[in-house]
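Inside the fold
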Amino acid sequence: MEDIMSITPLGSGQEVGRSCHLLEFRGMTIMLDCGIHPGYDGLNGLPFFDRVEPERVDVLLVTHFHLDHAASLPYFTERTGFRGRIFMTHPTKAVIRLLLGDYLRLMNIKQRTPIVSADAGGDPAAAQTPADVLYTEAELQSCVDKIELIDYHQTISVGGLKFHALNAGHVLGAAMFLLEIGGRTILYTGDYSMEDDRHLMAAEIPTTKPDVLMVEATYGVQVHASRAEREARFTGTIERVVTRGGRCLIPVFALGRAQELLLILDEFWQANPHLQGIPIWYASKLASRALRVYQTYSNMMNARIRSQMDVGNPFAFKYIRNLKSIDVNSFDDRGASVVFASPGMLQSGVSRQLFDRWATDPKNGVLIAGYAVEHTLAKEIMNQPKEVVTLEGRRQPLNCLVDYVSFSAHVDFMQNRNFITQVDPKHIILVHGQKDEMGRLKSALMLQHRQLPENKRPTVTMPPNLQEVKLKFTRRRSAKVMGSLADREAEPQEGEPVQGILVTQNFNSKIVSPEDLPTYTQLRVGSVSSKLHVPYAGQISTLRLFLNEMFTGITESETPNENDSDEPITIFGLHENEVTVTTGKSRGIAIVEWEASPVGDVLADAVIALLMHAQSSAAAIRLTSKPCNHRRLAVKDDADETEDTSTPANKRQKELTVRESRLRLIHHTLKEQYASVEAVYEGDQSATFEIKTDAGLESGSLVEGETLLCNVSVSFVEGNNDHDAKISVECADGKIAANIQDCLRSIITAAAPLKL
């Protein structure tokens, strides 16, 4: 049997931005990341949520707090039918609340329309949300309240899904997710870095080789310069701008790479006293709160930061000042300065306002220190256009210096290729990269794998948005033997049966003995006892006869009756007492008891049917009938007068009639069994029967024309109408003789009148 895994990019398919992927396998639906595209506004920047049924999403995993991976989360959780669970690391949740609150503020400013919140005392009827504002403050808080936390290396199970987080090294709290569904593993890297920097460790390499690797392709086949070279170029460019009296703008996101760049520049200023008179500003409303988050989770950073935390706060910068609020129009920027301002793509906010103000002065400079997404101003000015358009829509010349030094914590080609080689997946899906860069990376990987045998080459795909990737997997069927079944001196040989209970939960199967069920599963061994009261007015002897005729191995026991009755309590047991029939406890009631099981249920049904039949068959009626206590009158045919049949003479006549009828019943039964039966009646008490047959049981088939002769004699004892009858059978075939003897004895017993 084959299982099909479906992976669909709802964003970041052959693009950078709005990371969001839908994974469907074995009845589970998982969404990986939920970001926005920095190059588009409002609803246009969302992933393609219209191609997914939100109520079917079981789990949503967010790798880190950057907007292109997390900013559409409140929209998806609050404005769709999503009812699943959301997981992210502790630092990611702490920072997301800050970043998305700031992002909401910028959206409102850009719309120039304040949002009225009914929860804050506004009028609900008058509350209006602009079409391009994706969520309200109340919706953001509701979303954050639904987030569940996960630690690195902590395994969480949701239905048939198991997953755990690994350090991704991209930003504080960034995680890769290793998922397992139905015996298949998927590694989703999100954004990751294989390089140690001033405060973060490099990404981990999982020990498990995944079946599917979803890996970023941000830089394609580009190779980064050495870190020392990039730091020298970064600090050198800033120094060149400020020493000529210019102002250097470094657009960054409020959290993430900003903290790394601040550490670098504070250290550079400390090593160069001639620069210490030039101010460095960190223009962010989130600065102080962000640094508190970093201090709180310093244990998740590298050894360098952890050792510094023992003696002081490495994020308490000596030469960098925080601007909690900045009015660009009144900001005193007459002298040289360095300003870190958000957002990093120069789409809006303080960084865009300062850029519009400083772009025309050739002494100034703009230093892009991270990855610039397509369709953003940061990407546009890297191409050195002569003019740019301001936020107000004016065209103005671009005269300032524009430089790019990559400090984005994404892997380059060499790091990415080495990681993929070490992970050794069977299928590679490239995401989070521009089409051209992604295509070059795909070609390089396929060229590298060409040296492998064809059956060992991984598949490499780079699906665009909304293109479904389907991967076929053979369903694995295996079960672990656990508990006492596994505790044996020697391994079972091939073909040797192992008996136990097979328990399957969330695609995992195990075989355990019934005694071990409570230890290794959440199940308990139980049973259902059934008891049925069946009306029964017959005699014990009748029930005994019918039970022994139907079943073998009937056990019978008697106990005194506690109800002051002369009749004892009789218990019949069937199939090693799996079903019991009790009579005598209640008058006219037979109690059938059994433990519910396939065999027990069938036997109980048969016994109940037998009890009903034992009261309705002809033989049972004769066995259980009783004469009336009142005088019974017979009608004379000739005189229409009554006759008392209870007198001794008439009773004698009745007894003679009964004996004759029993003899005729025997004759009729024998004729049903054998083709030729001759009967000679000797009064009402005895008869002789001559039986001829052409086959025997011991003697086998006879010669043609030859017959086997059996003589049967039946004689009732005078004055006894019960079971006293003399039966004699003479036959050359002993087995036929014994069968006839048993048959006649049963007929006489069943047809005997009741004793009074």
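Residues numbered from 1 in each chain as written. Predicted model: local features only at pLDDT ≥ 70, side-chain atom pairs only at ≥ 80, totals over all residues. Heavy atoms only, no water.

Turning our attention to the packing of helix H5 (residues 227–243) against helix H6 (residues 257–271). Two numbers describe how H5 lies on H6: the axes approach to 11 Å, and their chain directions differ by 65°. Put simply, H5 runs roughly perpendicular to H6. Handedness of the H5/H6 crossing: right-handed. Residue-level inspection shows Arg227, Glu231, Phe234, Thr235, Ile238, Glu239 and Val242 of H5 in contact with H6, the latter providing Glu260, Leu261, Ile264, Leu265, Phe268 and Trp269. Its residues placed into classes, the contact of H5 with H6 shows 8 nonpolar, 1 polar and 4 charged. (Axes fitted to C-alpha atoms, helices over the stretch in contact; angles between N-to-C directions. Helix = DSSP H or I, 4+ residues; strand = E, 2+ residues; numbered from the N terminus. Parallel < 35°, antiparallel > 145°, perpendicular 65-115°, else oblique. Left-handed = near helix turned anticlockwise from the far one by under 90°. Contact = heavy atoms within 4.5 Å. Nonpolar A, V, L, I, M, F, W, Y, C, P; charged D, E, K, R; others polar.)

Take the pairing of strand E2 (residues 20–25) next. Look at any regular strand and the pattern is simple: side chains alternate between the two faces of the sheet. Within E2, 6 of the 6 residues are buried, which leaves it mostly tucked inside the rest of the structure. With burial as the criterion, each face of E2 is covered, one bearing Cys20, Leu22 and Glu24 and the other bearing His21, Leu23 and Phe25. As paired strands, strand E1 (residues 2–11) and E2 are joined by 5 bridges and run antiparallel to one another. Its bridge partner being in E2, Ile7 is matched across the sheet by Leu23. Relative to strand E3 (residues 28–32), E2 runs antiparallel, the two sharing 5 bridges. Of the residues in E3, the one forming a bridge with Leu22 is Met31. (Buried < 20%, exposed > 50% of the residue type's maximum accessible area, 1.4 Å probe, protein only. Pairing = 2+ DSSP bridges.)

Spatially, 4 strands are ordered E33-E34-E35-E36 in an open sheet, and the strand pairing comes out antiparallel. For this open sheet the edge positions go to strand E33 (676–682) and strand E36 (725–731), each flanked by a neighbour on one side alone. Going across the sheet, the axis of each strand differs from the next one's by a mean of 15°, ignoring polarity. Pairing geometry for strand E34 (residues 686–693) and strand E35 (residues 708–716), over 8 bridges, is antiparallel. Bridging from a neighbouring strand, Ala687 pairs with Val714 of E35.

Turning next to the sheet that holds strand E16 (residues 365–368). Overall, parallel pairing links the 6 strands, which are arranged E14-E13-E15-E12-E16-E19 in an open sheet. Of all strands in the sheet, those with a lone pairing partner are strand E14 (320–323) and strand E19 (401–404), marking the two edges. When the angles between neighbouring strand axes are averaged without regard to direction, this sheet yields 20°. The sheet contact formed by strand E13 (residues 280–283) and E14 spans 4 bridges and is parallel. Bridged to Ile280 within E14 is Ile320. On the sheet, H5 packs against strand E12 (247–251), strand E15 (337–341), E16 and E19 and is oriented at approximately 170° with respect to E19.

A few words on empty space enclosed by the protein. Within this structure, the stated rule accounts for 2 cavities of 30 Å³ or more. Taken as a whole, the largest cavity spans an internal volume of roughly 100 Å³. Of the residues in the lining of the largest cavity, the class split is 2 nonpolar, 5 polar and 5 charged. Taken together, domain 1 (2–112 + 134–222 + 410–471) and domain 2 (227–404) each give at least three residues to the lining of the largest cavity, which thus spans both. Around the second largest cavity, the lining residues are Tyr152, Asn167, Gly169, Val171, Leu172, Gly173, Leu200, Met201 and Met300. Of the residues that constitute the lining of the second largest cavity, the class distribution is 6 nonpolar, 3 polar and no charged. (1 Å grid on protein atoms, 1.4 Å probe; cavity = no way out; pocket = protein on both sides within 12 Å on 5 of 7 lines; lining within 4 Å. Points joined across faces, edges and corners; volume = space filled by probe spheres on them. Domains from an automatic or database assignment.)

What follows is about the environment of Ile428. Its place among the elements puts Ile428 in strand E20 (residues 427–431). Expressed as a C-alpha distance, the spacing of Ile428 and Asp211, which sit 217 residues apart in the sequence, is 8.8 Å. Those residues in contact with Ile428 that lie beyond four places of it in its chain are Leu213, Val215, Ile420, His449, Pro458, Thr459, Val460 and Thr461.

Here the focus is the state of the cysteines. By the definition in use, this model includes 1 disulfide. There is a disulfide in this structure between Cys710 and Cys731, and the S-S distance comes to 2.3 Å. On the criterion of sequence distance, the pair formed by Cys710 in strand E35 and Cys731 in strand E36 is long-range, its members being 21 residues apart. Cysteine Cys143 remains unbridged, with the sulfur of Cys34 as its closest cysteine sulfur at 8.4 Å. Judged by its relative accessible area of 1%, Cys143 is buried. For the unlinked cysteine Cys248, the closest cysteine sulfur is that of Cys400, found at 9.6 Å. (Disulfide = S-S within 2.5 Å.)

With that settled, consider the packing of aromatic side chains. Going through the model one piece at a time under the given rule, you end up with 12 aromatic pairs. Look at Phe25 and Phe473: their rings are 6.1 Å apart centre to centre, the planes differ by 70°, and that puts the pair in the edge-to-face class. With a gap of 448 residues between them, Phe25 in strand E2 and Phe473 in strand E22 (residues 469–474) connect regions that are remote in the sequence. Each member of the pair, Phe25 as well as Phe473, carries the same accessibility label: buried. Ring geometry for Tyr294 and Phe315: centres 5.4 Å apart, planes at 70°, overall edge-to-face. In this pair, Tyr294 is assigned in helix H7 (residues 287–296) and Phe315 in the loop between helix H8 (303–309) and E14, connecting sequence segments 21 residues apart. Both residues of the pair, Tyr294 and Phe315, belong to the buried class. Here the aromatic residues Phe49, Tyr75, Phe76 and Phe82 are joined through ring pairs into a cluster of three or more. Geometry around Phe407 places Arg230 over its ring, the cationic atom sitting 5.9 Å from the centre. Over the aromatic face of Tyr681 sits the side chain of Arg664, whose NZ or CZ is 4.8 Å from the ring centroid. (Phe/Tyr/Trp six-rings, centres within 6.5 Å; stacked < 30°, edge-to-face > 60°. Lys NZ or Arg CZ within 6 Å of the ring centre and 35° of its normal.)

Function cannot be read off these values alone, since they describe shape.
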